Amino acid sequence: MKFLEHKAKEIFARYEIPVPRGVLASRPEDVVDPPLPCMVKAQVLVGGRGKAGGIRPAETLEETREVAAQILGMDIHGYRVKQVYLEERLHIRKELYLGLTIDRSAREPLLMATAMGGIDVEEVPREDLLMEHIPAMVGLQPYVVRSLLRGLALDRDIGEQVAAVVRRAYDLFRKEDAELVEINPLVVTDEGHVVAGDAKLVVDDNAEYRHPEYAGLDQDRTPLEQEAHDKGIVFIQLDGDIGVIANGAGLTMATLDALNLKGGRGGVFLDLGGTDDPEKVKQAFELLIKAHPSVILVNIFGGITKADTVATGVKQALEEMHATIPVVARIKGVNEAAAKEILRSIGSQAAETIEDAAELAVKLKSGGP
Amino acid sequence: MAVLLTKKARVVVQGITGHQGQFHTRAMRDFGTKVVAGVTPGKAGSKIEGVPVFDRVRDAVLKRKANASILFVPAPYVKDAAVEAIEAGVKLVVIITERIPFHDCLDFIPYARSKGVTVIGPNCPGIASPGQGKMGIIPNLIFKEGDTGVISRSGTLTYEIVYAMSQAGFGQSTCVGIGGDPINGTNMVEALTLFQKDRKTRRIVLVGEIGGTAEEEAADFIKKRVTKPVVAYVAGRTAPPGKRMGHAGAIIQGGRGTAESKTKAFADAGVPVAQYPGEVATLLAAT
């Protein structure tokens, strides 16, 4: 789950991480009492909005409305701006960076900081990036914070405020099941306060059940992807035109890759996972048809998911939706023979290997046999 | 020999009374595995497929000498079940369950390792050593006993590749599904270390995918420490950045974790990379 800046800041504030005052607006006429002078900030789930013109200053109420009117509805890297956040302008003395993520290899949370805040952390030279591992079993120990502060070379008073932010951010990271907490910049103001200038928060989708309060937040999904998500189906829309339905993430990716090698492009990635419920397969297939693929490639290696269960679901969905999309099927594993028979009965073309299936799908799409 | 799982394993199935637990208990026994006990809290005294069920893992260890556990437990209960197994003295814990919050894994996986317990998974198809036993869900029929070790981040893609290998005459010493999550109990380098040491294993197949840097680390390790021939496959060369491709760990972030980077790392380490899954068998024939 990704969070818009204003929502992330609301959560930060709950953990007593200082954030600037701000108000949210969806229409220019909603702008009534912004904290002037302010920054008008586009609320989108994508980085780089500053460079794209999605963050601009305003001095007066009128100007704030004007700027808000210009930013609302903007397209930022494919994301339409539906809301702006009007935020108190900070007097910036210094910009730091603070991030918490996981180090997969170390199997530990990783705390990152640099005195070179405000720029993309990928662009910070490695030697200027301070990194500290935190063993989750024992939690954040004071030495980690000491080591970080030493590297940042801050005045004592500022250092204490930063230390508090680090502790609270780690607390948030753990309790909210975050996969990323990022404050960039963490601003030191002329008045000597430490404030989160921006807030990025990503929460583990697998922990959704522990955070029901976040259900229904606008996510980075197409309407069909959202519908699939609500039904518990792994469904990703891509920019090609061939629909791929397979069981298991790795096999689905491998099928898309094979299509690409044969000169085709996948339009939908549909992973049936380990389901063995014909109804679920039917639902998944209906979603696939709604994406209007030119050809559908079914690739099943039956195990927990029995091949004939998938075939039955595919048949039912095609018949009920009166769809006439050509289907290429490549079936192996448990109940292979029964599945092949069902798919033959609906006129699908069979292939033995993934390569052959991909080649056939590409041919069919370009009006081949 | 084989790695991780041999005939000595006495397996307890946690979550044995569920649909999956029951189905795979039968399949694992058909494969020759000694399934000695099941655990489902509140179901002690019953039997599943003739296997006695206990309330606690401790009882399975005391009364049935279980020394390895496989979990078919719903995601919210995995941390509890895994720690229970570790505390009961089990030395190998295989976690099939997917969609476990990774903060749970950050807690119990390092804990298991500190206790000298090997964890396989989560979000994995398990391990199988043909002729020895299976703790997992991979269909029995696709295996063939042999001398090739398999390490994979994927489930059904592993079936695909093992099937192609068996058809081509390359049997398996052990097949280890390390799982598709960002944090796994046993990673690629650790699995490679085991296969490099194993006398029965003469060559190794690595099945990777986008996300993280496990393949790059594996390639580096192969260059330095692995003398046996290795071939690889990497899924996700057409995956767009920022999209999570079904597995929690399969995501290209900040330009890292691409298939190109992994393929290049393997090539630099002298590891041939198959374009299609089935081609792994062809590459093995050339080693």
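Just so it is clear, the structure is predicted and the values come from calculations on it, not from any experiment.

Draft legend 1. Region of the structure containing the sheet that holds strand 13 (residues 230–235) of chain B. All names here are of chain B. Taken in spatial order, the seven strands of this open sheet run 9-8-11-10-12-13-14, and their pairing is mixed. Each edge of the open sheet carries a strand with a single partner, namely strand 9 (133–136) and strand 14 (273–274). On top of the sheet, helix 8 (residues 259–268) reaches strand 12 (203–209), strand 13 and strand 14; it is set at about 175 degrees to strand 13, its chief contact.

Draft legend 2. Molecular detail of the domain arrangement of chain B. Residues and elements named next belong to chain B. Entries for chain B in the domain assignment read domain 1 (10–120) and domain 2 (138–285). A straight line from the C-alpha centre of domain 1 to that of domain 2 covers 26 Å. For the side of domain 1 that touches domain 2, the secondary structure elements donating two or more residues are helix 1 (19–30), helix 4 (102–114) and strand 7 (118–120). Tallying contributions element by element places helix 4 first for the side of domain 1 that touches domain 2, with five residues. Here the residues of the side of domain 1 that touches domain 2 are counted per class, giving nine nonpolar, one polar and one charged.

Draft legend 3. Structural view of the environment of Val 166 of chain A. Residue and element names in this part refer to chain A. By secondary structure assignment, the location of Val 166 is in helix 4 (residues 156–175). Separated by 16 residues in the primary sequence, Val 166 and Glu 182 place their C-alpha atoms 11 Å from one another. Look past the residues within four positions of Val 166 in its chain and what remains in contact with it is Leu 98, Val 145 and Leu 148.

Draft legend 4. Quick peek at the nonpolar core. Ranked by size, the top nonpolar core spans 201 residues in total, and within it Ala 169 and Ala 361 of chain A together with Val 11, Leu 71, Val 93 and Val 280 of chain B carry the most contacts. Among the nonpolar cores identified, the runner-up in size contains 17 residues, and Ala 25, Leu 72, Ile 76 and Leu 86 of chain A belong to it.

Draft legend 5. Highlighting the confidence of the model for chain B. Mean pLDDT over chain B stands at 96; residues scoring 70 or higher make up 100%. Prediction confidence for the complex, expressed as pTM and ipTM, is 0.95 and 0.95 respectively.

Draft legend 6. Expanded view of the domain arrangement of chain A. Examined at the domain level, chain A breaks down into domain 1 (21–88), domain 2 (92–213) and domain 3 (223–365). In this structure, domain 2 of chain A and domain 3 of chain A have C-alpha centres spaced 43 Å apart.

Draft legend 7. Focus on the interface of chain A and chain B. Taken together, the 45 residues of chain A in the interface contact 47 residues of chain B. Residue assignment for the side of chain A that touches chain B shows that the elements contributing at least two residues are strand 8 (108–114), strand 13 (234–237), helix 6 (249–261), strand 15 (266–271), strand 17 (327–333) and helix 10 (354–365) of chain A. With eleven residues, the single largest contributor to the side of chain A that touches chain B is helix 6 of chain A. For the side of chain A that touches chain B, the residue count by class is 22 nonpolar, eleven polar and twelve charged.

Draft legend 8. Representation of the packing of helix 8 (residues 307–320) of chain A against helix 9 (residues 336–345) of chain A. Residue and element names in this part refer to chain A. Helix 9 packs onto helix 8 with a crossing angle of 15 degrees between their chain directions and a minimal axis gap of 7 Å. It follows from the interaxial angle that helix 8 and helix 9 lie roughly parallel. Crossing hand, helix 8 versus helix 9: left-handed. Contacts from Ala 307, Asp 308, Val 310, Ala 311, Thr 312, Val 314 and Lys 315 in helix 8 reach Glu 336, Ala 338, Ala 339, Ile 342 and Leu 343 in helix 9. Broken down by class, the residue content of the contact of helix 8 with helix 9 amounts to eight nonpolar, one polar and three charged.

Draft legend 9. A look at the packing of helix 3 (residues 78–88) of chain B against helix 4 of chain B. Residue and element names in this part refer to chain B. Between helix 3 and helix 4, the shortest axis-to-axis distance is 10 Å and the interhelical angle comes to 10 degrees. Between helix 3 and helix 4, the angle falls in the class roughly parallel. On helix 4, the residues that touch Val 78, Lys 79, Ala 82, Val 83 and Ile 86 of helix 3 are Asp 104, Asp 107, Phe 108, Tyr 111 and Ala 112. Split by residue class, the contact of helix 3 with helix 4 holds seven nonpolar, no polar and three charged.

Draft legend 10. Highlighting the pairing of strand 4 (residues 51–54) of chain B. All names here are of chain B. Sheet analysis places strand 2 (residues 34–39) next to strand 4, joined by two bridges and oriented parallel. Bridged to Gly 38 within strand 4 is Val 53. Two elements, strand 3 (residues 47–48) and strand 4, share two bridges in a ladder whose sense is antiparallel. Paired with Lys 47 across the bridge in strand 4 is Pro 52. The antiparallel hairpin formed by strand 3 and strand 4 contains two residues in its connecting segment, where Glu 49 sits at a positive phi of about 50 degrees.

Parameters and conventions
- Residues numbered from 1 in each chain as written.
- Chains lettered and ligands numbered in written order.
- Predicted model: local features only at pLDDT ≥ 70, side-chain atom pairs only at ≥ 80, totals over all residues.
- Pairing = 2+ DSSP bridges.
- Helix = DSSP H or I, 4+ residues; strand = E, 2+ residues; numbered from the N terminus.
- Contact = placed C-beta atoms within 7 Å.
- Axes fitted to C-alpha atoms, helices over the stretch in contact; angles between N-to-C directions.
- Domains from an automatic or database assignment.
- Nonpolar A, V, L, I, M, F, W, Y, C, P; charged D, E, K, R; others polar.
- Core = buried A, V, L, I, M, F, W, Y, C linked by C-beta atoms within 7 Å.
- Buried ≥ 20, exposed ≤ 12 C-beta atoms within 10 Å, placed from the backbone.
- pLDDT = per-residue confidence, 0-100.
- Parallel < 35°, antiparallel > 145°, perpendicular 65-115°, else oblique.
- Left-handed = near helix turned anticlockwise from the far one by under 90°.

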